[in-house]
Amino acid sequence: MTEAVTRRAAMLGAGATAGSLLFAGSGAKAQGKPSELRVGITTFLSGSASVFGVPAKQAAELLFEEVNKAGGIGGVPLRPIFVDEAPGTDHLVGEFRRLVQNEGVQLIFASISSGSCLACTPLSDEMKKTTVLWDCGTQRIFEEGQHPYAFRTQGYGTPEVLAPLLYLLKHKPDFRTLAVINQDYAWGRDSWELWKSAMDVLKPGVRVVAEMFPRFGATDYSTEVTRLLAARPDVILSTSWGGDLVTLLRQSAERRLFDRSTFVLPVCEPSLPILGRTMAAGHIIGTRGDHWNNHPSPKDPARLKRFVDAYRAKYNEYPIYPCHHMAQAISATQAAYAKAIAAKGGGWPNDAELAAAFRGLTFDTPTSSITLREDGQGLEDQIVGISSFNTQYPFAVPKDMILFPAAMVSTPVGRKSVDWLKSLTPDFLSQIPAPIAG
Amino acid sequence: MGTWFAENSLLLGLALLDGLANAALVFMVAVGLNLVFGVLRIVNVAHGSLFAIGAYTAASIGLFFAARGLPPWMGYVALVLAAVAIGAVLGPLIERLLLRRIYGHEDVLQLLVTFALFMILEDVQKLVWGVQPVSQDAPLRFLGTVDIPFGEDVIPFTAYQLFVLPGIALVTLLGLAWFLRRTLTGRVIVAVTTDKEAATAMGIDAARITLLTFSFGAGLAALGGALASPTLALVPGIGAQTIVLSFAVVATAGLGQIEGAALTALLIGLGRSIAVYFAPEFEVVVPYLIMVAVLLVRPQGLFGVIETRRV
């Protein structure tokens, strides 16, 4: 309805309207309270990454429904508009423009793929549309440019790789050899570069006995497993995820590779429910943040339990980290609107005012609080632990967890991750906190 | 060179074992595609979907059996049931309802129709099985592992990988060769492949043969998926991964050539395994390097024959 009136008005007063739009710019326009708050959400709805994208979409639907039942944001109900990012960045760029220009979204949540985020952030600059980077991990976004309308409401690649490395150095400091097996795409390569940059300075002299980057979506790892069995590295790093990781770990378990080497798996949490008892105990596991469903001391235990229970009740599965990341994006949006509306004395914020509210924002999650730095990057703590089994879960969960404060493992503002990691010294290890009790 | 082989002979031995299992899986999928093309002259993009659905069906039946407390060897029954079900149900449905309408049409139309079918079946998979990885490894665990000596060490291989996959691929190759050359139905299929018009003129029911062949090819694709299912995690997109590799095998082998598919699968399987050990960066491109090398020398493929263009 709002859209139809706008079009008609634009047609009737074409000259004047076009002129005012041209010179005023969308960021400075006065905005009345809309009848609904439209949120464009880009996620993988198809292809192999839909193992993350579809659960995140489910979480969004669950939480939007909850928010709307509670009166929406500032009395305005939310409406998500989902877009599949699987067709690629060219398609996504067109969809981003369509969401802003045709659908009239007030903000956009983008994306799972780092490539998608790298394509969307320049558009957020150009169209002056607040864009919440809700899941992608590339460190390049805020290290290679400034994006006044883009904000990442969770951690990113550098802390997600550094924290498991620090855990390994604490847990198994005497390892001498290491092999890496990552997916052959940007994250697989970038995460290895980050890991190696830090490992070379924090523990010089580790011999890398195998560097393997199998095809993304590979359906068989038997040859790679054989090579790892023959090489007998002390440690095997894999930042793989999804079906690739499940296949790798199943084939490793069947051939007793878990008995020979210690695995470090920074992104394995979503695969653990699928692996069940196939996953071995005693290996280092991460979840791209601090949002383990069995977090021993969450900031708001009742809220965490409510979310996990509601998700399980509706979808008959445990929420995985993309679900938590989606929840964080929604929490940040609620907090930013509340801040912007308060700053405007109850008025509805325009695009520039909304973006201003996001900058420096601190918002609560079920497990902690996240602050968005001045560059737009969220500071999310990292929890890494050792895979173990208990009676509560039918799959591996972490024990002996260490919570790495975000500020400790995140690249300082204005520095490049690889340069910063290379500047660390072994003294840095003294900052590693003790395991969380519980 | 001799020194290099001496130093790496143990690793080459391991690569050979891995390569055989890899080749077996590649062959099982590609041979169905090759057979279908030979008779129907249609490049079936949806072949990858049949592989995926075969894998998902086998896993589902296996999980159903496991949930009912049936013995682990029933996992092998699940693999066969899945292949038969896809070949007997989905194969005839696709051939009768869709492909029959586009025989003799332009290649681009055939590609578009089978690609559309591929897209539809991809969504069907998501509707039925969801997007989270599906796993069922009872057949693998049932046979356990075999320790292969490696210097003073041992390397555990699954018996499934060492014996079952290459064994079934070999039986399929020999069985197909026997079927096509020694049985009446097989000879009729070869006749239709060689010259459909002449075969029809001699009273052969070409429509029945195409239906039979496509269903059989669909069953082979499903069997390939079923055999792969115990070792991999099934996720959306595995059909697309499979079809690309299968096309490379078919093009290298020569369209419609069974033995060519076997030899090509062996080359690709061994090539990829050796690459993983000695040049992992090239593992992904090995199938395509082999394809380019073969097609540069023999544009009709390893076993392909140059056809006279019919005016």
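Residues numbered from 1 in each chain as written. Chains lettered and ligands numbered in written order. Predicted model: local features only at pLDDT ≥ 70, side-chain atom pairs only at ≥ 80, totals over all residues.

Chemist: Can you walk me through the sheet that holds strand β13 (residues 378–379) of chain A in this structure?
Modeler: Picture the strands of a sheet paired through backbone hydrogen bonds; they go either parallel or antiparallel. All names here are of chain A. Here 3 strands make up an open sheet; going across it, the order is β11-β12-β13 and the pairing antiparallel. Bordering the open sheet on either side are β11 (362–364) and β13, each of which pairs with just one other strand. Pairing of strand β12 (residues 369–372) with β13, which is carried by 2 bridges, proceeds in the antiparallel orientation. If you follow L372 over to β13, its bridge partner there is G378. (Pairing = 2+ DSSP bridges. Helix = DSSP H or I, 4+ residues; strand = E, 2+ residues; numbered from the N terminus.)

Chemist: Sorry if this is basic, but what is going on with the sheet that holds strand β1 (residues 37–43) of chain A here?
Modeler: All names here are of chain A. Ordered by their spatial adjacency, 5 strands build an open sheet running β2-β1-β3-β4-β5, and the pairing between neighbours is parallel. Bordering the open sheet on either side are β2 (78–84) and β5 (150–152), each of which pairs with just one other strand. Strand-to-strand, the axes of this sheet are offset by a mean angle of 25°, without reference to chain direction. With 3 bridges joining them, β1 and strand β3 (residues 107–109) adopt parallel strand pairing. Paired with I41 across the two strands is F109, which belongs to β3. (Axes fitted to C-alpha atoms, helices over the stretch in contact; angles between N-to-C directions.)

Chemist: Please clarify how the interface of chain A and chain B should be interpreted in this entry.
Modeler: Taken together, the 32 residues of chain A in the interface contact 35 residues of chain B. Elements represented by at least two residues in the side of chain A that touches chain B include exactly α3 (50–69), β7 (207–212), α9 (222–231) and α10 (242–254) of chain A. The residue makeup of the side of chain A that touches chain B, split by class, is 9 nonpolar, 13 polar and 10 charged. (Contact = placed C-beta atoms within 7 Å. Nonpolar A, V, L, I, M, F, W, Y, C, P; charged D, E, K, R; others polar.)

Chemist: Any chance you could explain the environment of A59 of chain B here in plain terms?
Modeler: Residue and element names in this part refer to chain B. The residue A59 is located in helix α3 (residues 47–67) in this model. It is 25 Å that separates the C-alpha atoms of A59 and L17, two residues lying 42 residues apart in sequence. Contact partners of A59, with chain neighbours within four places excluded, come to V134, S135, Q136, S229 and L234.

Chemist: Help me understand the domain arrangement of chain A, please; the structure alone is not making it clear to me.
Modeler: Interfaces are often described in size by the accessible area the parts lose on coming together. Residues and elements named next belong to chain A. One can read the domain layout of chain A as domain 1 (31–155 + 300–372) and domain 2 (158–287 + 381–431). Taking only C-alpha atoms, the centre of domain 1 and the centre of domain 2 are 28 Å apart. Listed as interface residues are 16 residues of domain 1 and, on the opposing side, 19 residues of domain 2. Of all the secondary-structure elements, those providing two or more residues to the side of domain 1 that touches domain 2 are α3 and α5 (114–127). When the residues that make up the side of domain 1 that touches domain 2 are grouped by side-chain class, the tally is 6 nonpolar, 8 polar and 2 charged. (Domains from an automatic or database assignment.)

Chemist: What exactly am I supposed to notice about the packing of helix α2 (residues 9–40) of chain B against helix α7 (residues 159–182) of chain B here?
Modeler: The axes of two packed helices give the description: the angle between them and the distance between them. All names here are of chain B. Here α2 crosses α7 at 40°, and the two axes come no closer than 9 Å. Taken as axis vectors, α2 and α7 run oblique relative to one another. Handedness of the α2/α7 crossing: left-handed. In this structure, α2 contributes L17, L20, A21, A24, L25, F27, M28 and V31 to the contact, and α7 contributes Q161, L162, L165, P166, I168, A169, T172 and L176. Within the contact of α2 with α7, the residues separate by chemical class into 14 nonpolar, 2 polar and no charged. (Parallel < 35°, antiparallel > 145°, perpendicular 65-115°, else oblique. Left-handed = near helix turned anticlockwise from the far one by under 90°.)

Chemist: In this structure, what is going on with the UniProt feature "transmembrane region" (unreviewed entry) in chain B? I would like to understand it.
Modeler: With numbering matched to this structure, UniProt assigns "transmembrane region" (unreviewed entry) to residues 20–43, 50–67, 73–90, 159–180, 209–228, 234–253, 260–279 and 285–306 of chain B. For residues 159–180 of chain B, the helix share is 100%, the strand share is 0%, and the end-to-end C-alpha distance is 31 Å. (UniProt positions renumbered as here; feature names shortened; annotations may be inferred.)

Chemist: Whenever I open this one, the confidence of the model for chain A confuses me. Can you help?
Modeler: Predicted coordinates in areas of low pLDDT are best not read in detail. Looking at chain A, pLDDT values average 91 and 93% of them are 70 or higher. Confidence over residues 1–29 of chain A falls short of pLDDT 50; this stretch has 17 contacts with residues more than four positions distant or in other chains. (pLDDT = per-residue confidence, 0-100.)

Chemist: I tried to follow helix α12 (residues 258–278) of chain B on my own but got confused; where do I start?
Modeler: One turn of the α-helix equals 3.6 residues, which is why residues spaced by three or four share an orientation. With 21 residues, α12 of chain B extends 30 Å between its outermost C-alpha atoms, agreeing within 8% with the 30 Å of an ideal straight helix rising 1.5 Å per residue. Summarising burial for α12 of chain B: 17 of the 21 residues are buried, a large majority. (Expected span 1.5 Å × (residues − 1). Buried ≥ 20, exposed ≤ 12 C-beta atoms within 10 Å, placed from the backbone.)

Chemist: Sorry, what's going on with α7 of chain B here?
Modeler: Helix length check: α7 of chain B, at 24 residues, gives a terminal C-alpha distance of 32 Å against a target of 34 Å (1.5 Å per residue), a fit within 8%. All of the buried residues along α7 of chain B are Y160, Q161, V164, L165, P166, A169, T172 and L176 of chain B. Looking at the buried positions of α7 of chain B, the neighbouring elements they touch are α9 of chain A together with α2, α6 (138–143), β2 (153–158), α10 (206–228) and α12 of chain B.

Chemist: I'm lost on the environment of V43 of chain B in this one. Help?
Modeler: All names here are of chain B. Tracing the chain through its elements places V43 in the loop between α2 and α3. Owing to 19 C-beta atoms within 10 Å, V43 belongs among the partly exposed residues under this scheme. The sequence separation of V43 and I258 amounts to 215 residues, and the corresponding C-alpha distance is 16 Å. Excluding anything up to four places from it in sequence, V43 contacts F37, Q110 and L111.

Chemist: In this structure, what is going on with the pairing of β2 of chain A? I would like to understand it.
Modeler: In summary, the side chains of a regular strand alternate between the two faces of the sheet. All names here are of chain A. Of the strand pairs in this sheet, β1 and β2 are connected by 7 bridges, and their pairing is parallel. Bridging across to β2, G40 finds its partner in I81. A crossover connection joins β1 to the parallel β2 through α3; in handedness this β-α-β unit is right-handed. (Right-handed = clockwise from strand over helix to strand, strands pointing away.)

Chemist: Any chance you could explain unusual backbone geometry here in plain terms?
Modeler: Residues and elements named next belong to chain A. In this model, A110 is joined to S111 through a cis peptide bond whose omega is 0°. The topology assignment puts S111 in the loop between β3 and α5. The backbone of R232 sits at a positive phi, close to 50°, despite the residue not being glycine. With respect to the helices and strands, the residue R232 is situated in the loop between α9 and β8 (235–237). You will see that N316, though not glycine, has its phi angle at about 60°, which is positive.

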